[in-house]
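# Observations on chain architecture
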Amino acid sequence: MLKINCRLDSSAIACDNNISSKEDVLKAIASLANKAYDISESKVLNALQDRETLGSTGFGNSIAIPHCKMDGLDMPLGIFISLSKPVAYDSIDGEPVDLIFSLISPKNDGASHLRALAEVSRLLRDEKSCQQLRGAKNEDAVFAMLAVNSELTAA
């Protein structure tokens with residue numbers, strides 16, 4: 001089974017119905033990062049927005065993997081959002097997204113960032129995994145699915 005080498009806290013997961021834009025997605029990620037990992041919401045949002053200026057992190061197949069690097073971290077941190085209504089995200093295939101797995105990684109550890117990014121990408125390319133995530137009824141169900149795939153989790 002594929003493992004994702006990142007910390008995934010249960011409070012870093014949201015099944016949300018109120019997100020209506022890409023900007024709202026990035027704001028929700030920053031808010032969850034603050035809540036789950038006690039990192040600056042504004043710094044996370046700025047880092048994610050800066051990364052998006054390089055090119056969209058809309059992966060295709062209704063999936064986005066927004067990611068950034070920040071000082072002060074010792075491992076990649078995961079944040080997951082599942083949307084009941086897909087939002088436009090400037091994805092490579094032009095399709096709106098409904099599954100978002102964000103990574104915030106240590107600024108000076110490119111290897112761990114690339115490894116975690118590749119692992120998340122492989123997980124979300126698996127149609128069965130995506131169907132299960134889309135079918136999850138709440139955050140606890142999503143966490144149970146993702147925790148199985150995460151090397152380092154915190155409840």
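About the cut-offs
Residues numbered from 1 in each chain as written. Predicted model: local features only at pLDDT ≥ 70, side-chain atom pairs only at ≥ 80, totals over all residues. Heavy atoms only, no water. Salt bridge = Lys/Arg side-chain N within 4 Å of Asp/Glu carboxyl O. Helix = DSSP H or I, 4+ residues; strand = E, 2+ residues; numbered from the N terminus. Buried < 20%, exposed > 50% of the residue type's maximum accessible area, 1.4 Å probe, protein only. Expected span 1.5 Å × (residues − 1). Contact = heavy atoms within 4.5 Å. Axes fitted to C-alpha atoms, helices over the stretch in contact; angles between N-to-C directions. Parallel < 35°, antiparallel > 145°, perpendicular 65-115°, else oblique. Left-handed = near helix turned anticlockwise from the far one by under 90°. Nonpolar A, V, L, I, M, F, W, Y, C, P; charged D, E, K, R; others polar.

## Focus: the pattern of salt bridges
- Tallied over the full model, the rule gives 4 salt bridges.
- Here K22 makes a salt bridge to E52, at a shortest N to O gap of 2.7 Å. Residue K22 is located in helix α1 (residues 22-37), and its partner E52 is located in helix α2 (residues 41-54); the two are separated by 30 residues in the primary sequence.
- Relative accessible area serves as the criterion here: at 16%, K22 is assigned to the buried category.
- Across the pair D98 and R134 runs a salt bridge whose closest N-O atoms are separated by 2.9 Å. Taken as a pair, D98 in strand β6 (residues 97-106) and R134 in helix α4 (residues 127-135) lie far apart in primary sequence, 36 residues in all.
- Linked through salt bridges whose partners overlap, the residues forming this network are K22, E52 and D90.

## Focus: α1
- The end-to-end C-alpha distance of α1 is 22 Å, a good match for the 22 Å that 16 residues give at a rise of 1.5 Å each.
- For α1, the full list of buried residues reads K22, V25, L26, A28, I29, A30, L32, A33, A36 and Y37.
- D38 sits one or two positions beyond α1 and adopts a positive phi of about 55°.

## Some remarks on the environment of N34
- Within the secondary structure layout, N34 lies in helix α1.
- Note on N34: relative accessible area 30%, which makes it partly exposed.
- In the structure, N34 is positioned 105 residues away from E139 in sequence and 17 Å away in space, judged by C-alpha atoms.
- Excluding residues that lie within four positions of it along the chain, N34 makes contacts with I39, S40 and E41.

## A few points about the packing of α1 against α2
- Contact pair α1 / α2: the axes reach a minimum separation of 8 Å and the direction vectors enclose 140°. When the axes of α1 and α2 are compared, the pair comes out oblique. In terms of crossing hand, the pair formed by α1 and α2 is right-handed. Together, K22, E23, L26, K27, I29, A30, S31, A33 and N34 of α1 and E41, V44, L45, L48, Q49 and E52 of α2 make up the contact between the two elements.
- Looking at the contact of α1 with α2, its residues break down into 7 nonpolar, 3 polar and 5 charged.

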